[in-house]
Amino acid sequence: MDFTKGSDAGSPESTAGTKQRPPEIKAIPVRHPGRWVTVVLLGVLAAMAIHALIFSRVKRGNSTDGRFQWDIVGNYFLTHVVFQGLLVTLELTVIAMAVGVVGGILLAIMRLSDNPILSTVSWGYLWFFRGTPVLVQLYFWYNISYLFPPVLNNFKTLSIGIPFGPEFVHFNPNSLITPFVAASIGLGLNEAAYMAEIVRAGLLSVDYGQTEAAQSLGMPRALIMRRIVLPQAMRVIIPPTGNETISMLKTSALASAITVGELLESVSNIYARTYQTIPLLIVASIWYLIVTSILMVGQYYVERYYARGRVRELPPTPFQRLKAMLITHQTLPAARVAIDDTVVLNIANRDGTL
Amino acid sequence: MSTPMVLAENVHKRFGNVEVLTGVDLTVQPGEVMVIIGPSGSGKTTFLRCINHLEKINSGRLAVDGELVGYRERGDKLYELRDSDVCRKRAEIGMVFQHFNLFPHMTTLQNIIEAPVRVKKMSRADATAIARDLLHKVGLGEMGERYPSQLSGGQKQRVAIARALAMQPKLMLFDEPTSALDPELVGEVLDVMKQLARDGMTMVVVTHEIGFAREVGDKLVFMDGGVVVEAGHPREVITNPQHERTKAFLSKVL
C-alpha cells in the first residue's frame, strides 16, 4: 500500500552494489476469445464465398453450369478483342493523364502568379471543370458538331482565325473530333482541373527560403520553378498523382458511353451478342486489377526516386526486404540484428500467435 | 575615393503599416567587413535583404557598386528594372542565410554548380572544378556527393558559403549565419568567414558574434528601431559605446 516506503526500503544501499538479475517474468497471457470468434465467422464467410465462386452450379435454360462461368472468363480473357480494348484503355489513360498533368502544372502556376488575370482565368477553369460531371463533358465533346455543324458543300466548319474576323484554317469537326479524340480531350481537360489543385498544394509545400536562396544566386523565375521548386514539390505531388492515374484508368470506362472501343466497350459488345454479361465483366475487372497493380508498383518506385535527399537513407524496397529475409533465414540468427526493424517485426509476427 | 560597394542614404522600408527601417545611412567600402548588430526587430536583417533586392525599399537611396538597387535612374525619373536585370545584379552578390537554404534534392556539388552552370553558362567541367576547389577551402573536400540531409548544421552552412562564392560575387551578405547552429559548430563557420575576410572579400554580416566583429570587422554598426544608432571601429564601439542603447545592448550580449 505505502508506495514511497516500499521503494525507499532497499534502494540507496543496494543500487550501488552488484545486484542479481531477477528471473524472467512468466505471466499467463491475456486471453483473446473475441479473436477466435472472428476467425470462425470469417472462415464461414470465406467458405461461402469459395463455394459460390467456384463449386456451386446453377440451372440456366436447359443446362446447368458454374455460377460464375469461369470457363467463359478463361475463353475470353486473352482474346484479340479484349486486348484491343485494353490497349485503347491504356492509350486513353496515358493521353488524358499527360494532358491533365501538363495542364495542371500550367493552371497551378497561373493560379499562383502575381498576374490577377492569369489567376482568375485559372480559378474560372477549375470552377467550370470541377463543377460539371465528366460524363456530361464527354457528351459535349462527342456532340461538338452540333455546335459547329458541317453544312452542305462546306464540311469544314471548325476554324481558327481572328474572332469576328477572317478565319485561316478550317476543319471538319466530325473527322477532327473522333470519339477517341473527344474522350481524350474530355478526360484530359477535366483531369487538368484536379491536377492543378494537387500541383498547387505541392508548390506551396516548398519552403519559401528555397526560392529566396535561388533568387540570391541570380536565378530567373522560370529556372527557379523548373530546377528548384518543382522537383521538391514532386515529393508531395507524386502520391496523389498516382492515385489520379489509377482513378483515370477506371474513369476511362466512361468513354464507352461515347462509343470509344475501350476495355468496357469491347466486352460489352461481346456480351450484347452472347448475353454472358457477368463473365465478361469479370474479364474486364481482372484486367483493370492487373493494370492497377502494375501502376501501384510503378508509383512506389517513382515516390522513392523523389524522396532522395529527404531522408538520410532510403528504406529498402519490398524486394530488398524479401532478399534480406531469405538471407537471414539461411545465416545465423544474430544476423537478424543487422537488417532493419520492419523485417524483424515481420518475422516476429509470423512466429507469434494470432 | 573609390565608389562605395554599398551606399545607403535615408533608406525607409515598411511592411504594411509597420515601419521597419526609418532612415538608414550606411557606407561599405570595397574590401571592408561591416558587422551589423542589434536587438531582434531592429531591422538589420531587413536592411541586408534590401541590398540584393529580396525586399523593395519604400524611400531613400540604396546603391551597390554605384548602381541603384532595383531601379535605373534617367534624368530625375526612376524606372523599375526588368526581372532579368535584377537577376544579373543579384548574381554579383552572394548571400548566406540563417537556415542555410541548401537545395535538399541536390548533392553538395550540384548545389554549388547549379547557378554557375545555369546562370553564368559556365561549362559543367569548369564549374565542378571550381566547386571542388571551394569545398576544399571550406574544409569539406570529401563531401561533394553527400546530400544536405547527411551533413551537420555547420557543414551545411559552409556548403552554403561555397555555393555563394561559386558565383564569384563582389559582395557577400551574411544573415545571422551562425544563429541556427549548435554552439560547438559555430567556430567552424566563423573560421571560414574569417579566412574570407582576410582574402579581401567585401562583407556585410548580421550577427550576434561580438567576438567575430572584434577580430575581423572593419566597422561595427549598432542598429535599433530601424536606424543606425552608432557606428565605428569595432574595438571602440565595444569598449567605449557612446549611446545609451548601445551600452544597454552590449551589456547583455558581452
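In the block above lies the structure referred to throughout.
Residues numbered from 1 in each chain as written. Chains lettered and ligands numbered in written order. Predicted model: local features only at pLDDT ≥ 70, side-chain atom pairs only at ≥ 80, totals over all residues. Heavy atoms only, no water.

1. Some details on the overall build of chain B
Part 1: Within chain B, the regular secondary structure consists of nine helices and 12 strands.
Part 2: Expressed as lengths along the three principal axes of its C-alpha atoms, the size of chain B is roughly 50 × 50 × 40 Å.
Part 3: When each of the 254 residues of chain B is scored for burial, the buried share is 57%.
Part 4: Intrachain contacts of chain B at a sequence separation of at least 6 include 64% that bridge at least 24 residues. (Helix = DSSP H or I, 4+ residues; strand = E, 2+ residues; numbered from the N terminus. Buried < 20%, exposed > 50% of the residue type's maximum accessible area, 1.4 Å probe, protein only. Contact = heavy atoms within 4.5 Å.)

2. Considerations on a nonpolar patch on the surface
Part 1: On the surface, a cluster of nonpolar side chains totalling about 510 Å² of accessible area is made up of A:Val40, A:Leu42, A:Val44, A:Leu45 and A:Met48.
Part 2: Turning to its location among the elements, A:Met48 is positioned in helix H2 (residues 33–55). (Patch = residues over 30% accessible without salt bridge, like charges linked within 9 Å, V, L, I, M, F, W, Y side chains within 5 Å. Areas by Shrake-Rupley, 256 points an atom, 1.4 Å probe, with all protein chains shown as cover. Salt bridge = Lys/Arg side-chain N within 4 Å of Asp/Glu carboxyl O.)

3. Some details on the packing of helix H4 (residues 80–111) of chain A against helix H5 (residues 116–131) of chain A
All names here are of chain A.
Part 1: At a minimum axis separation of 7 Å, H4 and H5 run at an interaxial angle of 130 degrees. With respect to each other, H4 and H5 are oriented oblique. Between H4 and H5 lies a crossing whose hand is left-handed. Taken together, the residues of H5 that come into contact with H4 (itself represented by Leu107, Met110 and Arg111) are Leu118, Ser119, Val121, Ser122, Trp123, Tyr125 and Leu126.
Part 2: Class assignment for the residues of the contact of H4 with H5 results in seven nonpolar, two polar and one charged. (Axes fitted to C-alpha atoms, helices over the stretch in contact; angles between N-to-C directions. Parallel < 35°, antiparallel > 145°, perpendicular 65-115°, else oblique. Left-handed = near helix turned anticlockwise from the far one by under 90°. Nonpolar A, V, L, I, M, F, W, Y, C, P; charged D, E, K, R; others polar.)

4. Remarks on the packing of helix H10 (residues 208–216) of chain A against helix H11 (residues 221–251) of chain A
All names here are of chain A.
Part 1: It is at 10 Å that the axes of H10 and H11 come closest, and there the two elements cross at 155 degrees. One element, H10, and the other, H11, form an angle in the roughly antiparallel class. Crossing geometry of H10 relative to H11 is assigned as right-handed. Contacts between H10 and H11 involve Gln210, Thr211, Ala214 and Gln215 on the former and, on the latter, Ile224, Ile228, Val229 and Gln232.
Part 2: Considered class by class, the residues forming the contact of H10 with H11 number four nonpolar, four polar and no charged.

5. Digging into the nonpolar core
Part 1: Ranked by internal contacts, the top residues of the largest apolar core, which has 65 residues, are B:Leu26, B:Ile36, B:Phe47, B:Ile51, B:Leu62, B:Leu171 and B:Leu173.
Part 2: The element that contributes the greatest number of residues to this core is H11(A), accounting for eight residues.
Part 3: For B:Leu26, the contacting residues outside a window of four places in its chain are B:Val6, B:Leu7, B:Ala8, B:Met34, B:Ile36, B:Phe47, B:Val221 and B:Val228.
Part 4: Residues B:Leu151, B:Ala166, B:Met172 and B:Met193 belong to the second largest nonpolar core, which totals 51 residues. (Core = buried A, V, L, I, M, F, W, Y, C linked by side-chain atoms within 4.5 Å.)

6. A look at the layout of surface pockets
Part 1: Reported here for the largest pocket is a volume of approximately 1,000 Å³.
Part 2: Put simply, the parts of the chain that give the lining of the largest pocket at least two residues each are helix H9 (179–205), H10 and H11 of chain A together with helix H2 (83–90) of chain B.
Part 3: Element by element, the count of residues in the lining of the largest pocket is highest for H11(A), at five residues.
Part 4: Here the residues of the lining of the largest pocket sort into 16 nonpolar, five polar and 11 charged. (1 Å grid on protein atoms, 1.4 Å probe; cavity = no way out; pocket = protein on both sides within 12 Å on 5 of 7 lines; lining within 4 Å. Points joined across faces, edges and corners; volume = space filled by probe spheres on them.)

7. Comments concerning the pairing of strand E6 (residues 71–74) of chain B
Walk down a regular strand and you will see the side chains alternate between the two sheet faces.
Residues and elements named next belong to chain B.
Part 1: Looking at chain direction, E6 and strand E7 (residues 77–80) are connected through four bridges and run antiparallel. In the strand pairing of E7, Arg74 is matched with Lys77.
Part 2: The turn joining E6 and E7, which pair antiparallel and follow one another in sequence, is formed by two residues; a positive phi near 65 degrees is taken by Gly75. (Pairing = 2+ DSSP bridges.)

In short, geometric facts, not functional conclusions.
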